[in-house]
Amino acid sequence: MTDSDLSPEPAGSGPAGSDPAGSDQVRRAVPVAVDIAGQWAWRLLAVAGVLAVAFYLIATFKEIVVAFLVALLISALLVPFVQFLSRHRWPRWLAIVVSLVATFAILGALILLVETQVRAGLPSLETQSVQAYNSFKNYLSTSPLQIDSSQFDGYLNQIGSAIQSHSSQLFSGALTVGSSALHILTGALLTLFATIFILIDGAGVWRFVTRLFPRRARPAIDGAGHAGWLTLTTFVRVQLLVATVDAVGVGLFAFFLGLPLAIPIAIIVFLASFIPVVGAIATGIIAVAVALVFVGPVQALIMLGGVLLVHLLEAHVLQPLVMGSAVKVHPLAVVFAVAAGTLLAGIPGALFAVPTIAVVNVMVNFIAKGTWRSTARQGVRRLQGQN
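Residues numbered from 1 in each chain as written. Predicted model: local features only at pLDDT ≥ 70, side-chain atom pairs only at ≥ 80, totals over all residues. Heavy atoms only, no water.

**Thoughts on a nonpolar patch on the surface**
There is a patch of nonpolar side chains on the surface, built from Val53, Tyr56, Leu57, Phe61, Ile64 and Leu190 and spanning about 610 Å² of accessible area. By residue number, the principal contributor to the nonpolar patch is helix H3 (residues 32–60), which donates three residues. Relative to the assigned elements, valine 53 resides in helix H3. (Patch = residues over 30% accessible without salt bridge, like charges linked within 9 Å, V, L, I, M, F, W, Y side chains within 5 Å. Areas by Shrake-Rupley, 256 points an atom, 1.4 Å probe, with all protein chains shown as cover. Salt bridge = Lys/Arg side-chain N within 4 Å of Asp/Glu carboxyl O. Helix = DSSP H or I, 4+ residues; strand = E, 2+ residues; numbered from the N terminus.)

**Quick word on the packing of helix H9 (residues 262–272) against helix H10 (residues 278–294)**
Relative to each other, H9 and H10 sit at 160°, their axes nearing to 8 Å. Judged on the interaxial angle alone, H10 and H9 are roughly antiparallel. Seen from above, H9 lies across H10 with right-handed handedness. Here Ile265, Ile268, Val269 and Ala272 of H9 lie close against H10, whose contacting residues are Gly279, Ala280, Thr283, Ala287 and Val290. Taken together, the residues of the contact of H9 with H10 break down into seven nonpolar, two polar and no charged. (Axes fitted to C-alpha atoms, helices over the stretch in contact; angles between N-to-C directions. Parallel < 35°, antiparallel > 145°, perpendicular 65-115°, else oblique. Left-handed = near helix turned anticlockwise from the far one by under 90°. Contact = heavy atoms within 4.5 Å. Nonpolar A, V, L, I, M, F, W, Y, C, P; charged D, E, K, R; others polar.)

**Examining the side chain of aspartate 246**
Examined against the element boundaries, aspartate 246 turns out to sit in helix H8 (residues 218–256). Nearest to the buried, unbridged aspartate 246 among oppositely charged side chains is arginine 237, at 17 Å. Residues within four places of aspartate 246 in sequence aside, it is in contact with Val269, Ser273, Ala280, Val310 and Glu314. (Buried < 20%, exposed > 50% of the residue type's maximum accessible area, 1.4 Å probe, protein only. Lys, Arg positive; Asp, Glu negative; His and termini not counted.)

**Quick word on the nonpolar core**
Core analysis: the largest hydrophobic core is formed by 15 residues, its most contacted members being Val250, Leu259, Ile265 and Met303. Every element with two or more residues in this core is listed here: H8, H9, H10 and helix H11 (297–323). Contact partners of isoleucine 265, with chain neighbours within four places excluded, come to Val250, Leu259, Pro260, Ala287 and Val290. (Core = buried A, V, L, I, M, F, W, Y, C linked by side-chain atoms within 4.5 Å.)

**Section: unusual backbone geometry**
One non-glycine residue, arginine 89, lies in positive phi territory at about 65°. Inspection of the secondary structure puts arginine 89 in the loop between helix H4 (62–87) and helix H5 (92–142). Taking the relative accessible area as the measure of exposure, arginine 89 reaches 79% and is therefore exposed.

**As for the confidence of the model for the protein chain**
Averaged over every residue, the pLDDT of the protein chain is 77; residues scoring 70 or more account for 74%. Least confident of the elements in the protein chain is helix H1 (residues 3–6), whose mean pLDDT is 46; most confident is H4, at 89. Segment residues 1–17 is flagged for pLDDT under 50; beyond a separation of four residues in sequence, or across chains, it makes three contacts in the model. Residue range residues 169–179 is modelled with pLDDT below 50. Its contacts to residues more than four positions away, or to other chains, number one contact. (pLDDT = per-residue confidence, 0-100.)

Put into structure tokens, the structure is as follows:
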């Protein structure tokens, strides 16, 4: 054996990956801030990739996802009523049937009321529309624009010619509407079936979902799910109350100001108010526009004041008192959530944005608090005692 055999090997001459000194030198050469930023960067990229895949799957199966989410909202509204009837010794199947029939009866009554009001007010509405049209033409002729009747009729003819030239696109759009109607019917059936199964055995469905996770994570998932469900039921009941108050307030202002179709306007406000904050304001603007066209500018200003008053009542009285601490979502977060949901998924995105944020916020806070760990330890001790 020679001296060269006893001499230490030069750095980097060993097997690949066996040079911790070299890797330490490289790590020391990189600033700590850059190292931390790099670690955060690849983790954020991984999270973004998972979210992108999730959004892609949701967009691909949007009809199924929307139907399931609507079923969750309806179930969150009906489950407390079913449980109330069950506690009063009603058979569960009868409680479910009564709750579903009552829901369909209320929706049918609203639709029938709108149809009746529109049919009764259509003649006077046509007369008022003609008067508003003539008043608008006279205003244009006397305004600084100086648009007389012949010029106005010429503009209308140009619009009619443009519609005729694009009739093929309108026909294809009608086909698209027919296809959308088929999708809506399919989604309605899926929503009905999902609602029925959630009402029948929602707890069993949730237990099945919980068993998909590792045993150690099940207490956290189960507790977070129950907290999220409580938040969702509270949100739906509060939004139902808020929508009713908004509809009654705007409808009364429209009725006393003599607006045509005051009851249909109130029903539209009621349905749109399930989109928090934004829905009531958007439909209130419609009421203001109707007042401006058919009644007058003074009544339109009064209608605008009524809409703002109802909105202030919702934001500063109903939401803090009724919502309480169950759903902790700041109004600014509500506005941005609705805007983002609308940009991403249209009306369904606006409808589901706020309840999604509220539920996710409560679930994450529950897991972060760690109160579920005591339940997990008790479960482990119980299993050890059985063994």
